[in-house]
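Okay, here's what each chain looks like letter by letter:
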Amino acid sequence: MAYLSTRAIVDKAWRMGIVVPAYNVPHLPMMEPIVRALRDTGSFGLIQVARLETVKFKAESFARIAGEYEKFKDVGFTRLHLDHVPVIDEDGLRIDYVEEITEAMKLGYESVMVDGSRLPFEENVEATRRVVEAAKSFDVPVEGELGAVIGHEAGPMPPYEELFASGKGFTDPREAADFVKKSNVDWLSVAIGNFHGAVAPGRRDDKKIAARLNIEHLKKINEVAGAPLVLHGGSGIQKEYLREAFKNGIAKLNVGTNIRQPYEKGLEESVEKGRELVYAAMIDVIKNELGVEGTAEKLLG
Ligand code: 13P
């Protein structure tokens, strides 16, 4: 069977109203049970690592993750994606993002994300456009972000209900359309009530609040953006909102905390126990949370 590119798969998912989950690998031994669970359930997923997972967790490096992926990948069910490389990181530091993303593309990452969401609009457009330019010769799709998907930063979260009700930091639909046109980005990560599970030491074991999504707001973005949309902070969002989101433009959903926390819990006993708990968590996410059993056949068949 011909090898379908990640760009083609996500485009197809977007048109069909199917979601492509992207699973974060902050610890190298998580790779094997993630891929196994996808194969066992016939579910398609991206395997991804974010820059902060190489710094604050045990993913070690983009190269180590790519190496681990090569060992366990199953191209009937998986592709390799580079998650968040921020222009300004969660601690306020400037990152050499074009260089880091280019290094990852050389290593074989099949899609990449540049996160300029902490920048003013025009600077975010410019940073994203630079990465789109660099990705051309690799023929790799680029994900950008517009709006504030909070949670990775240190310090306490503002009260969730207040945030949701005010819509503060939500992606502006008109800006979204403008952003896609000006930057030529392939996929757009949006803020519509979603937030990231905490990664700061001392808070990373916290259970996430069950987030909601403003579906009416999402519809407005989806009507004008003209590109597949991405939802970060996929762990713990209430199911009925997720189902509506997949029908309204969300073609990629990032899942981190829901599989990382079980691994770290299991690790207190052994790596093997950690792996076992990741596998169980994956099955639960695939079958119960997201309802994405059997999507590989629909997307790749
Ligand atoms: P969660 O850890 O909240 O699932 O978010 C993952 C994510 O969005 C990674 O980019």
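Use the structure listed above.
All values derive from a computational prediction rather than experimental measurement.

### Observations regarding the packing of aromatic side chains
Turning to step 1, where the next piece is worked out: By the definition in use, this model includes five aromatic pairs.
Turning to step 2, where the next piece is worked out: For the ring pair F62 and Y109, a centre distance of 6.2 Å and an interplane angle of 65° mean the geometry is edge-to-face. Within this pair, whereas F62 is found in helix α4 (residues 62-72), its partner Y109 is found in the loop between α5 (97-106) and β4 (111-115), the two being separated by 47 residues in sequence. Residues F62 and Y109 agree in their burial class; the two are buried.
Turning to step 3, where the next piece is worked out: Ring centres of F121 and F179 lie 6.2 Å apart, and the angle between their planes is 65°; this geometry places the pair in the edge-to-face category. You can see F121 sitting in helix α6 (residues 121-135) and its partner F179 sitting in helix α8 (residues 173-183), a full 58 residues away along the chain. Neither residue differs from the other here; F121 and F179 are each classed as buried.

### Structural notes on the site of the ligand
Turning to step 1, where the next piece is worked out: In the neighbourhood of the ligand, 15 residues make up the surrounding shell, with D83, K208, G233, S235 and T257 lying closest.
Turning to step 2, where the next piece is worked out: Contact distances for the ligand include 2.7 Å between an oxygen atom and a backbone N or O atom of G233.
Turning to step 3, where the next piece is worked out: In this structure, N254 approaches the ligand through a side-chain N or O atom, which is 3.0 Å from an oxygen atom.
Turning to step 4, where the next piece is worked out: Relative to its unbound accessible surface of 300 Å², the ligand loses 95% to contact with the protein.
Turning to step 5, where the next piece is worked out: With respect to the pocket detection grid, the ligand is positioned in the largest cavity.
Turning to step 6, where the next piece is worked out: Mapped by element, the contributors of at least two residues to the shell around the ligand are β3 (78-86) and β8 (250-255).
Turning to step 7, where the next piece is worked out: Of the residues in the shell around the ligand, the class split is two nonpolar, eleven polar and two charged.

Procedures and definitions
- Residue numbers restart at each chain and count upward from 1, following the sequence in its written direction.
- In view of the model being predicted, local features appear only for residues whose pLDDT reaches at least 70, and side-chain atom pairs are presented and counted only at 80 or more, with totals across whole chains, interfaces and linings using the full set of residues.
- With hydrogens and water set aside, each side-chain value is computed from the structure's full complement of heavy atoms.
- Between the rings of Phe, Tyr and Trp (Trp by its six-membered ring), a pair exists once the centres lie within 6.5 Å; its type follows the angle of the planes, with under 30 degrees stacked, over 60 edge-to-face, and the other angles tilted.
- In DSSP terms, a helix is any run of H or I states spanning at least four residues, a strand is any run of E spanning at least two, and both are numbered starting from the N terminus.
- Exposure is judged per residue with a 1.4 Å probe applied to protein chains only, and the accessible area is read against the type maximum: over 50% gives exposed, under 20% gives buried, and values in between give partly exposed.
- Any residue with a heavy atom lying within 4 Å of a molecule or strand is counted as near it.
- Polar contacts here mean pairs of N or O atoms no more than 3.5 Å apart (in protein, one a potential hydrogen donor and the other a potential acceptor; neighbouring residues in sequence count only if both atoms are side-chain atoms).
- Residue burial considers only the protein chains on display, and all accessible areas are found by Shrake-Rupley using a 1.4 Å probe.
- For cavity detection a 1 Å grid was placed over the protein atoms alone, and a set of points counts as a cavity when a 1.4 Å probe fits there but cannot get out; an open set counts as a pocket when protein lies on both sides within 12 Å along at least five of seven lines, with lining residues being those that have an atom within 4 Å of a point.
- Should more than half of a molecule's atoms lie within 2 Å of a pocket's or cavity's grid points, that molecule is taken to sit in it.
- Just so you know the grouping, Ala, Val, Leu, Ile, Met, Phe, Trp, Tyr, Cys and Pro go in nonpolar, Asp, Glu, Lys and Arg go in charged, and all remaining residues, Gly too, go in polar.

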